[in-house]
Every structure is written in structure tokens, then in C-alpha cells.
Amino acid sequence: MSSNFIRDIIDEDLKNNKNSGRVHTRFPPEPNGYLHIGHAKAICINFGIAKDYNGKCNLRMDDTNPSKEDVEYVESIKEDIKWLGFEWTGPIYFASDYYEKLYEYAEKLIQTGKAFVCDLSADEMRAYRGTLTEPGKESPFRNRSIEENFSLFRKMRAGEFPDGAKTLRAKIDMTSPNINMRDPVIYRIMRSTHHRTGDQWCIYPMYDYAHPLSDYFEGITHSLCSLEFEDHRPLYNWVLEALLSEKLPRQIEFARLNINYTVMSKRKLLELVEKGYVDGWDDPRMPTLSGLRRRGYTPESIRTFQELIGVSKANSIVDFSLLEFAIREDLNKRAERRMTVIKPLKVVIENYPDNQIEWFEAENNPEDPNSEKRKIPFSKVVYIERDDFMENPPKKYFRLSPGSEVRLKYAYYITCKEVIKDNKGEITELRCIYDPQSRGGGTPDNRVVRGTLHWVSALHAKKTEVRLYDHLFNVSNPGENDKDYKDELNPISLVVLKDCLIEPSLAEAKPGQFYQFLRQGYFCADSKAAKEGLLVFNRTVTLKDTWAKIAASSRNKQS
RNA sequence: UGGGGCGUUGUCUAAUGGUAGGACGACAGAUUCUGGAUCUGUUUGUGAGGGUUCGACUCCUUCCGCCCCAGCCA
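Residues numbered from 1 in each chain as written. Chains lettered and ligands numbered in written order. Predicted model: local features only at pLDDT ≥ 70, side-chain atom pairs only at ≥ 80, totals over all residues. Heavy atoms only, no water.

Further remarks concern the pairing of strand β24 (residues 521-525). Across the 5 residues that make up β24, a large majority, 5, are buried. Every second residue of β24 is oriented toward a common face, with Gly 521, Phe 523 and Ala 525 on one face and Tyr 522 and Cys 524 on the other, all of them buried. Here strand β23 (residues 514-517) runs beside β24; their pairing, made up of 4 bridges, is antiparallel. What sits directly across from Tyr 515, in β24, is Phe 523. Here β24 pairs with strand β25 (residues 536-542) via 5 bridges, running antiparallel. Paired with Tyr 522 across the two strands is Val 541, which belongs to β25. (Buried < 20%, exposed > 50% of the residue type's maximum accessible area, 1.4 Å probe, protein only. Helix = DSSP H or I, 4+ residues; strand = E, 2+ residues; numbered from the N terminus. Pairing = 2+ DSSP bridges.)

Our next topic: the sheet that holds strand β7 (residues 203-205). The strand order β4-β5-β6-β7 describes an open sheet built from 4 strands, whose pairing is antiparallel. Strands with a single pairing partner mark the edges of an open sheet, and in this sheet they are β4 (115-118) and β7. Neighbour to neighbour, the strand axes of the sheet diverge by 20° on average, direction disregarded. Relative to strand β5 (residues 167-170), β4 runs antiparallel, the two sharing 4 bridges. Across the sheet, the residue bridging to Val 117 is Leu 168, located in β5. (Axes fitted to C-alpha atoms, helices over the stretch in contact; angles between N-to-C directions.)

Bringing the protein's contact with RNA strand B into the picture now. The environment of RNA strand B is formed by 67 residues, the closest being Ser 312, Arg 337, Gly 440, Gln 516 and Thr 546. Here RNA strand B approaches the protein such that, of its atoms within 4 Å, sugar and phosphate make up 64%. Between Arg 407 and RNA strand B, the recorded distance is 2.6 Å, taken from a side-chain N or O atom to a sugar or linking oxygen. One of the side-chain nitrogen or oxygen atoms of Lys 549 is found 2.9 Å away from a phosphate oxygen of RNA strand B. Sorting the residues of the surface near RNA strand B by element identifies α5 (122-129), β6 (185-189), α11 (299-309), α12 (320-334) and α14 (546-558) as the ones contributing at least two each. A per-class count over the surface near RNA strand B returns 27 nonpolar, 18 polar and 22 charged. (Near = heavy atom within 4 Å. Polar contact = N/O pair within 3.5 Å; in protein donor to acceptor, adjacent residues only side chain to side chain. Nonpolar A, V, L, I, M, F, W, Y, C, P; charged D, E, K, R; others polar.)

Moving on, we get to the domain arrangement of chain A. Splitting chain A by domain gives domain 1 (5-254), domain 2 (266-336 + 466-553) and domain 3 (340-454). Distance between the C-alpha centres of domain 1 and domain 3: 64 Å. (Domains from an automatic or database assignment.)

Another point: the sheet that holds strand β16 (residues 405-408). Reading across the sheet, the 7 strands line up as β19-β16-β17-β18-β12-β15-β20 and stay open at both edges, with mixed pairing between neighbours. Each end of this open sheet is capped by a strand with a single partner; those strands are β19 (452-453) and β20 (455-457). Relative to strand β15 (residues 381-385), strand β12 (residues 344-349) is paired through 5 bridges, and the arrangement is antiparallel. Note on β15: the bridge partner recorded for Lys 346 is Tyr 383.

A few words now on the state of the cysteines. In total, this model carries 0 disulfides according to the counting rule given. Cys 225 carries a free sulfur, and the closest cysteine sulfur to it, the one in Cys 57, is 14 Å from it. Left unpaired, Cys 524 is separated from the closest cysteine sulfur, that of Cys 500, by 15 Å. Under the relative-accessibility criterion, Cys 524 is labelled buried at 2%. (Disulfide = S-S within 2.5 Å.)

Within this structure, the stated rule accounts for 51 salt bridges. In this structure, the salt-bridge partner of Glu 148 is Arg 144, at a minimum N-O distance of 3.8 Å. By relative accessible area, Arg 144 is classed as buried at 14%. Three or more residues joined by partner-sharing salt bridges are found here, namely Asp 279, Asp 282, Arg 294, Glu 465, Arg 467, Lys 498, Asp 526 and Lys 528. (Salt bridge = Lys/Arg side-chain N within 4 Å of Asp/Glu carboxyl O.)

As a further point, take the packing of α11 against α12. With their axes 8 Å apart at the nearest point, α11 and α12 run at an angle of 135° to one another. One element, α11, and the other, α12, form an angle in the oblique class. α11 and α12 meet at a crossing whose hand is right-handed. Contact residues: α11 offers Glu 300, Ser 301, Thr 304, Phe 305, Leu 308 and Ile 309, while α12 offers Leu 322, Leu 323, Phe 325, Ala 326, Ile 327, Glu 329, Asp 330 and Arg 334. Its residues placed into classes, the contact of α11 with α12 shows 8 nonpolar, 2 polar and 4 charged. (Parallel < 35°, antiparallel > 145°, perpendicular 65-115°, else oblique. Left-handed = near helix turned anticlockwise from the far one by under 90°. Contact = heavy atoms within 4.5 Å.)

Next up on the list: a nonpolar patch on the surface. A surface patch of nonpolar side chains, amounting to about 340 Å² of accessible area, comprises Ile 357, Trp 359 and Leu 459. Structurally, Ile 357 can be placed in the loop between β12 and β13 (358-363). The class for Ile 357 is partly exposed, based on a relative accessible area of 38%. (Patch = residues over 30% accessible without salt bridge, like charges linked within 9 Å, V, L, I, M, F, W, Y side chains within 5 Å. Areas by Shrake-Rupley, 256 points an atom, 1.4 Å probe, with all protein chains shown as cover.)

To continue, consider unusual backbone geometry. Even without being glycine, Asn 54 reaches a positive phi, approximately 55°. Note that Asn 54 resides in the loop between α2 (37-52) and β2 (56-61). Since its relative accessible area comes to 76%, Asn 54 is described here as exposed. Of note in the backbone geometry, Asn 446 takes a positive phi value of approximately 50° without being a glycine. By the element assignment, Asn 446 lies in the loop between β18 (427-435) and β19. Residue classification places Asn 446 among the exposed positions, given a relative accessible area of 65%.

Next comes the structure, spelled out in C-alpha cells:
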């Protein structure tokens, strides 16, 4: 586990015996959307630190805004964290469990003259707040007596005022250069049914007030959050210091994760879901954990990725290729190999006996010495990949072309004798001959064939749907330069191919089971389609493709 | 232009006054029944200027650039 500036701070705290050597973090999502890979960074940081320091990490739902939150989201959050491989300490905490306590502390704030009930409307409050460069003005309600504030606040709770009519505000400093300190609202009146407390409350605490206290209630020592809360730290500390005298949690901020060719804001992801640009939160193109899971990403690969990107305070955009590296590395070691022809081209082996069937032994995983072998059937008619044949091949193309010889993996060498086309000029079939001496993939004369192709036997193959995914957006940084990110969606981020041919053993693939389709990529059986009894494979990531690179660069040279 | 942050190769990240290193990518080669994997090698960087110092990514200073903040969101 590599170090970072947060761990350095904790090491220092430990050295000074701060918090009596305790390390207690928390992951505090708001249940207003599904977790995405940016959350995974925060999860790995918080749970990872707890694990490595023999500490604790709480899961706390930061549910102080019922208008946006829902139980569906709390369920998905639990599932995603468990799937990622982390366990929270104790029960799941909810900020809503603290509503009564939070209310009592607010009364304490009033009693000590540190909070007041304000009648300013939202618009008025904005006007009083000042601007970035001008100080604000004090609310005319700022100097109400403690008794009046007290009784008004109770009436707020009792529902005697309409929504938005009054707020409870911290009395700090309207001239502060930090706008967060200009008498921030800490309670608002909002008649909204909460997913846990129902209609019990009509006033709800604000994040800036509820969060530090929730941390305190749970004995959190290090409250790790993202950079945009840096400006809120003085307020975080103000709330705690105004109410408490003991050792307090310390907030530390780190840069959130950005990855190119995708978006990472819950607002935007929600919009993609609600407006139907994608097939739900778990669409395999989404950067959500449920999407990545459905796509075939493993929890191990996501944890590796988080380890690779590190933790710092610098804003950054991580290359998608790093995520791809992490999943390839994991799946290369673990995924069983299968042969699947995605875009089939019929090959008839003219000199192969008409009704003969042979079974060849194939490695399930050459990277795993303990893996078993399987038998695959071979017959006179096979299918190969359309891309593995070119009638007029360029230099350095060592797949099949008229007159050339290639190896059908695990089977025989074949040579192309004739190309058959339909009346539109489209190639429909290849006529080949095989060398019986090359059985098993080698010949007595050790002749060199550069190309080795995957194939399926026409007699035995099963038809299946395969879905190929690409970046959801076709620009590196969607929404940049005032563009609407929705205009930058990649129109071919999903390509559905329905006539793919799989080898027989794949017919029983379990939902979520991952494979390497030889020479093509890693694929996993789609769990959503499986619920409807369909067998569909999602492409998780392609294999690295050196030939594609060579072809592309020579194409560039020509143009 | 108030306040808070951040600038190290194409990308991410180390080095906390003492050889600017790692990972990904890229490139080259070896090897290979996957143009995969594996192995080897190569390349590119401290935002700019001044200062302190034997020595500066690191300290001081001036500047430049980028991000965040004016929700009764989190």
C-alpha cells in the first residue's frame, strides 16, 4: 500500500498520540444516486486507511435532504460497497438518526447566542450575503433575544410556519471573506417526506451543520472529503468548537477522481438515466459501480486502479487506459479462454472428409498452470472472423488471404484457394484446403505460419448476441468550454451484434462470468439479459491490438 | 478583481535542502500455436523570473496559469 499525504498526516497524529492512537474514518454518501468510480476512490481511501491502521470505518448515509433521497439508493450503495470488497464497522449510520440530537445541539447554539432565527426570504438572504468581493450585511433579525429565537425555533419544528418562511442561522461574521462563514443557514423548513423519518420532521439540518456533528457523534478522527469542501473547513471547525470542548475530528480534503471520455457528476449521470440516453444506472457504459460490474469489471481491478492513481490535492483527469490496464491485468490471469467468432465468415475445407468430426484439446488458461483443458469440435465447415481475411492484404498482414496459409488454433493449417462472392461483390465464403500433417497445430517440417486464427465449427457453434462498448462520450472532457455534454455523447458507444457464434461450452455461461474471447477481448455474460433467459455477452475491454495500431499508422502515412 | 486550493514527462504520482524515481502510454527488440501475455531496452518533466545556499522540485520573493466558493444542495 503506497503512502500519500493523508497517510503522512495520520502517521504524524499517531506519533503525537493524538486521539489516543485511534484511527476512525467514515464514508458518507448521500443516497441520491448510485455510486460511481469516483466514490470508489473515496471508499478505497477511507476503508483502506481504516484497514491498514487497524482502525474503523463507518458507513453513514448523509440523508439530510429528503427531497432528493430514496431507499433505492441506500440499497444500491450497500451492495456496491460490499461488492467492492469492504466492510463497514458496526451498523449503517444515518444522519437522520441524529435529527433529535442535532436539534438539541441547535438549541444549545441558540442558548449561547450563536444562532438565530431569520425571517429573510431566500432572495433577500442572497442580497444580504454580499458578493465575492463585497462583504455582506447583517440580517435585521440577527439580534433577536435568546428567548425569542428559542420559541421561534420550537415553532419552526412544530410546523407553525410555511416552507421557507424562516431559517435558523449560525451567527458568525457577515464580513468574512469566506462566504461560508457569513451567517450560514443551519436549519430550513421543508415539508418533504423523508425516506426514513417520514413526516416526523418539517425542518431539516444543513450539511455544514449535520456533518461535523455526525462525525463527532461517531468518534471519527479523520474526516476525509473532496477538495470543494476545503472552504467549508472553517465552518466545520466552528460548529464543533461552538458546541464541544473535547478532541475533535479533523477534516482533510483530497482531489476527486476524473476520468477522460466520461462524466462523474451525479447530476449528469442522473440526467443520462432519466432521459434515457442509457439503459439505467447499471448500463455497462456508465462509470457507476453497478455499470462497471455489469460490464465485467472486477472489484480487484477497481481497487488496483485506485492504488495506481494515488491520492493528492491536484485536480487531474486520469486516462481511461489506466482503468483498462487494471482490468486486463486482472482478467489475463483469471479469465478462461474461449473461441467466439463475432463477425462470421464461412470457410469450407474442401479436402476434409465430409462427415468427420474431431475433438481438439484447448487450454482454458495458459496463464494458469493449474487450469484444466477442454475439448472443442472441428469439422469440414468452420467460421472465422471476417477481419481475419483480406483479399488484397497490405504488407505485414499475416492473417488469411488468397493463397496464404494460416493456423486454425489447436486444429490444422489451412490455405485459401478460392473466394466466393455474391452478386453484390460481398465475400460469402472461402474455399480452403488443410494439411492433415498439421494436426494439433504444428507440422513435421516446422514450417512457419505467422497467423493463428480462432474459429468455430459450423456444426457445433451456437448463435449469440454480443454487445461491444466504447467510450460513452467522444470527447476527452465532456461539457468543456460551455458545451452541452449531451451533445458529445458517442453515437456508437454501443454496437449490438446478433449473429455471433460461440463454441458449445459457452452456452452454459453463468451471468457475470467473465471470459477471454481469444484474440478479441474480455467479455462477460450479461446479468440483466440472463434474467430474461437470454445469453448475451458484454465486451468488458478489448485485448491490446498491435495490428490495429500498425494498420492505423500506415493508413495515416498514406493519407 | 475577496477568500481557499493546485502547478513534476502525453497521463497519474514520488522525491519534504543532497543522483528528479515509479506506473500507465508511446517506441524498439526478444519470445510466442492469442498481432494477447511475458521479457529487455529507449524516450520525454520540476509553469516563469529573481533571490538564499556548496547544493533548490523543496526555502524566500514577484509574476503567470488552472480549479473551487455568492443553494434554504451535498
